[in-house]
Amino acid sequence: MIPFRYERPDDVATAVGLLSREPRGAYLGGGTNLVDLMKLEVARPDVLVDVRRLTSGTIDDLPGGGLRIGAAVSNSHLAADLRVRRLYPMLAQAVLAGASGQLRNLATSGGNLLQRTRCVYFQDLTTPCNKREPGSGCSAIEGHHRDLAVLGASPECVATHPSDMGVALTAVDAVVRVRGPEGERTVPFGEFHRLPGEAPERDTVLRHGELITAIDLPHLPVAARSQYRKIRDRASYAFALVSAAVALEVADGTVREVRIGLGGVAHKPWRARAAEELLLGAPATAVTFRDAAEAELVAARPLPGNGFKVPLARNVIVGMLNDLAEEQR
């Protein structure tokens, strides 16, 4: 591992000021992704600013409903919270589907959002990667395609975002609270991560020095009727080939409200807006569900080795909608 300086400031303001002056510095929370990348020499920060004890480690009720998740809340704590399990079951299920119990005990909620891609070419210093070295090329496009994106990719990058938690957060319209050199601001979760475009090295809209302090979950009654489903190569400790977070409310056989997030298919947690628009006010039938899934996936551009993701995503969406609708009949 390349040598680095370690700083442990006493408060958020000091941490933000310190990192903003260090162009190659990074925040350290649980370190479950960053430390691995440092060992591979993919990430090479010369300063680590430890923020694990600076942000909130609690989950608090918001006025009018909803919850605020402190950035230092561990993934295990988040998944076990009774309010999360009752009001946002797909979020609890998504967190439990990620990593191992040991990693969930250490990983933070804020850090979960900042995971880098698990693309094998990003982690291999012997191959070109635009995300690692802008302008060097994308080895994945001509390489092993199975785990790569089918939606929202670009000629510069076809990697997928690894977070399970993020898929549920995009479905519920979560809001990310950040603190930076210019003060505090909020970012709608759907705008927090970027599609690769011509700058795949930028995963999020965070400015240098900005620190995630909390994640707000809005009051959303439909989220209580939700599920998370993850299709992967083995039952645990594997990233999604396709995953989905789905919330559905049906009344008198008609879709009254629906939220759909997809994982394993794009460079960011993917909100299935086209499917949602088609479903709202439509009959809650298998035919409608299939039409909605196909409307979302018409924009898919699979590579030779991952075309199976398109029918897999369609079947996951349809199956989950059918299950949730059946529970309400």
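Quick note: structure is the one above.
Just so it is clear, the structure is predicted and the values come from calculations on it, not from any experiment. Within any chain, residue numbers begin from 1 and follow the written order of that chain's sequence. Local features in this predicted model are restricted to residues of pLDDT 70 or higher, and side-chain atom pairs are both shown and tallied only at a pLDDT of 80 or more, whereas totals for entire chains, interfaces and linings draw on every residue. Hydrogen atoms and water are omitted, and side-chain values are computed over all heavy atoms in the structure.

Draft legend 1. Quick look at the pairing of strand S2 (residues 25-28). Side chains Gly25 and Tyr27 project from S2 onto one buried face, and the interleaved Ala26 and Leu28 project onto a second face that is buried too. Relative to strand S3 (residues 47-50), S2 is paired through four bridges, and the arrangement is parallel. From the neighbouring strand, Ala26 faces S3, where its bridge partner is Leu48. For the handedness criterion, the strands are oriented away from the viewer, and a crossover whose path from the first strand over the helix to the second runs clockwise is classed as right-handed. Each helix is a run of DSSP H or I of at least 4 residues and each strand a run of E of at least 2, with the numbering of both proceeding from the N terminus. After leaving S2, the chain enters helix H2 (residues 34-39) and then returns to the sheet as S3, a path that is right-handed. Three labels apply to residues, based on accessible area from a 1.4 Å probe with only protein chains included: buried if under 20% of the type maximum, exposed if over 50%, partly exposed otherwise in between. Two strands qualify as a pair provided that DSSP identifies no fewer than 2 bridges between them.

Draft legend 2. Broad picture of helix H11 (residues 286-297). Expected span of a helix: the number of residues minus one, times 1.5 Å. The first and last C-alpha atoms of H11 sit 17 Å apart over 12 residues, in line with the 16 Å expected at 1.5 Å per residue. Only heavy atoms enter the contact rule, under which two residues are in contact if any of them lie within 4.5 Å. On its buried face, H11 sits against strand S10 (242-251), strand S11 (254-263), strand S12 (270-271), helix H10 (273-279) and helix H12 (309-327).

Draft legend 3. Molecular detail of the packing of H11 against H12. Angular values range over 0 to 180 degrees, each being the angle between N-to-C directions of two axes fitted as lines to C-alpha atoms, with helices fitted over their stretch in contact. Where H11 meets H12, the axes come as close as 9 Å, and the angle between the chain directions of the two elements is 145 degrees. Considering only the axes of H11 and H12, their crossing is right-handed. Here Ala286, Phe289, Arg290, Ala293, Glu294 and Leu297 of H11 lie close against H12, whose contacting residues are Val310, Ala313, Arg314, Asn315, Ile317, Val318, Leu321, Asn322 and Ala325. Asp, Glu, Lys and Arg are counted as charged, while Ala, Val, Leu, Ile, Met, Phe, Trp, Tyr, Cys and Pro are counted as nonpolar; the rest, among them Gly, fall into the polar class. Here the residues of the contact of H11 with H12 are counted per class, giving 10 nonpolar, two polar and three charged. Less than a right angle of anticlockwise turn of the near helix away from the far helix marks a crossing as left-handed, whereas a clockwise turn marks it as right-handed.

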